[in-house]
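Chains, contacts and geometry: an overview
The chain contents come next:
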Amino acid sequence: QLQNKILILTICAAGIGGTFQYGYNISIINAPATYIQAFMNTTWLERTGAPLESNVILLLWSFTVSAYPLGGLTGAVVAGPMAIMLGRKMSLLLNNVFVIIAAALSGFSRMAKSFEMIMLSRFFTGVNAGVSMNIQPMYLAESAPKKLRGAVALTSASFTALGLVLGQVVGLRELLGGEESWPFLLASNVVPALIQLTALPWFPESPRYLLIDRGDKESCISALQKLRGTSDLSAELEEMLAEQAAVKGQRAKNPWELFQNPSLRWQLVSIIVLSSAMQLCGNDSMYFYAAYVFQEAGIPRDKIPYVVIGTGSCELITSVTCNMIIDYAGRRPLLLGGYIFMAGWAIVFMVALSQQTQISWMPYLSMACIFAYILSFGIGPAGVTGVLPTEVFDQMSRPAAYMICGSLLWFNLFLVGTAFPFIVKSLAHFCYIPFLVVCVCTALYVGFFLPETKGKSFLEISEEFKKRNFKTKTRSGFYKGPEEIKTTTL
């Protein structure tokens, strides 16, 4: 029992300063948007004596918002080398420095009369999120026992959703979302960072990292004992030693080496498809529509923030549910189900939007669609996507795989954020067509090409992919005649 407690506490210590920050920082920027824009205008007025034009304010605001994914992209790129050189745990601890800098910048921005500090602060917050989104699932999946690996790594998604909801709650006018208190709201992300800095040092480093990367068997055994207790470690240790032997003499790979390696072809295609789909499936854009749809449904304007909290809670409830069932249901059914349902809801949503003004009950249907879409995303794609790179890559390729995954995730977040307003302008009610296409294609890919990884050791998963990667070669490779014959032209 005590050991389960230690594993649970490790998860909480890693999560609170990890992916929790990603969700929290995405949602706290929404509440004070109008106040920050007004602050930009008054600051400029004081400096130059002329107010800013509305389109310039909008441009500055979009810079502020897009600084976050750009920071995330930077974080995703440095996360790989950090995980290899400093270890998983140390990287998570050092990562808090970025948030502390960000909190100081945004907290004092009004006092210093500088809106540039807010932009810089959002960039550093993004770097923190980029690092933790990559390293936290890696750290947890490497520390978890095989039968709980999916559930433990998936807590990353639950912490993201928890961050989203708490960010929405703290951003309410009654708490820190008022005109006077927005600098404190933006600086409040320092609290989770301080909690992690006090809690995480007490817990062990990833045993796999200690044994396979560092070659330190003693530390690995002591870390395992802390995490597993008195239970028999021989089977697990044997499995790790087998993996160590399999990668013996190799060094940690760089991202471009993964592209050159034919034995990693399907793994790479799988994580590229799934990481891209996670942002391109339109889930985040649902939040963009939420306020408009709720207003159409007749919810008073001042009550909308409370209903929006409901959408965040949906994602939280489903990711916790997904946590409980992933190691029973498996990875594939959850991904497949999630994307199929999202495709279905996207069609209903577009029909509902187009009939919004004609039929009196349509706003309620589109409201239901928003909740259903977010629920479908939370049950599969939201969590499983982050678990897969840990499972389908070996110890030497894993950090590089997460760098590719993370970079795609942030680049696509930036892309959707920038392009979505234009998509809405040009396609109006049918703005979900691009997302529908993404959901259908991803569901087809998962259905036909992705093997199940539930309950398998890392080596077994590697073997399964090896068969796929070299399937074509074994078919044509029956004739083992002289080499020259192959190059003879007839």
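What counts as what
Residues numbered from 1 in each chain as written. Predicted model: local features only at pLDDT ≥ 70, side-chain atom pairs only at ≥ 80, totals over all residues. Heavy atoms only, no water. Helix = DSSP H or I, 4+ residues; strand = E, 2+ residues; numbered from the N terminus. Rg over C-alpha atoms; globule rule 2.2 N^0.38 Å. Buried < 20%, exposed > 50% of the residue type's maximum accessible area, 1.4 Å probe, protein only. Contact = heavy atoms within 4.5 Å. Areas by Shrake-Rupley, 256 points an atom, 1.4 Å probe, with all protein chains shown as cover. Lys, Arg positive; Asp, Glu negative; His and termini not counted. Charge placed at Lys NZ, Arg CZ, Asp CG, Glu CD. Domains from an automatic or database assignment. Buried area = accessible area lost by both parts, 1.4 Å probe. Salt bridge = Lys/Arg side-chain N within 4 Å of Asp/Glu carboxyl O. Axes fitted to C-alpha atoms, helices over the stretch in contact; angles between N-to-C directions. Parallel < 35°, antiparallel > 145°, perpendicular 65-115°, else oblique. Patch = residues over 30% accessible without salt bridge, like charges linked within 9 Å, V, L, I, M, F, W, Y side chains within 5 Å.

With respect to the overall build of the protein
Along the backbone of the protein there are 25 helices and zero strands. Computed over C-alpha atoms, the radius of gyration of the protein comes to 24 Å, within 12% of the 23 Å expected from 2.2 N^0.38 for 490 residues, which places it in the range of a compact globule. For the protein, the spread of C-alpha atoms along the principal axes amounts to about 80 × 55 × 50 Å. Across the 490 residues that make up the protein, the buried fraction comes to 54%. The long-range share in the protein, meaning contacts at least 24 apart out of those at least 6 apart in sequence, stands at 83%. By element, 69% of the accessible surface of the protein is carried by carbon and sulfur atoms, the whole surface being about 21,400 Å². Computed over 36 positive and 30 negative side-chain charges, the inter-centroid distance for the protein is 4 Å.

Some details on the domain arrangement of the protein
By the assigned domains, the protein splits into domain 1 (1–203) and domain 2 (257–471). If you average the C-alpha positions of domain 1 and of domain 2, the two centres end up 21 Å apart. In this complex, domain 1 contributes 42 residues to the contact, which on the side of domain 2 involves 44 residues. Of the roughly 3,300 Å² buried where domain 1 meets domain 2, counting both sides, 68% is carbon and sulfur surface. Among the residues domain 1 hides against domain 2, the three largest losses belong to Arg-149, Leu-154 and Gln-168. Together they make up 18% of the total. Applying the counting rule to domain 1 against domain 2 returns two salt bridges.

Re the packing of helix 20 (residues 381–392) against helix 23 (residues 458–469)
At a closest axis distance of 8 Å, the pairing of helix 20 and helix 23 adopts a crossing angle of 85°. Looking at the two axes, helix 20 sits roughly perpendicular to helix 23. Facing helix 20, whose interface residues are Thr-390, Glu-391 and Val-392, helix 23 presents Phe-458, Ile-461 and Phe-465.

Re the environment of Ala-79
For Ala-79, the position within the fold is in helix 4 (residues 54–85). Apart from residues lying up to four places away in sequence, Ala-79 is in contact with Gly-130, Val-131, Asn-134 and Ile-135.

Description of a nonpolar patch on the surface
Together, Met-85, Leu-86, Met-90, Leu-94, Val-97 and Ile-101 make up an exposed nonpolar region whose accessible area comes to about 510 Å². Of all the secondary-structure elements, those providing two or more residues to the nonpolar patch are helix 5 (88–94) and helix 6 (96–107). With respect to the element layout, Leu-86 can be found in the loop between helix 4 and helix 5. For Leu-86, a relative accessible area of 33% translates into the label partly exposed.

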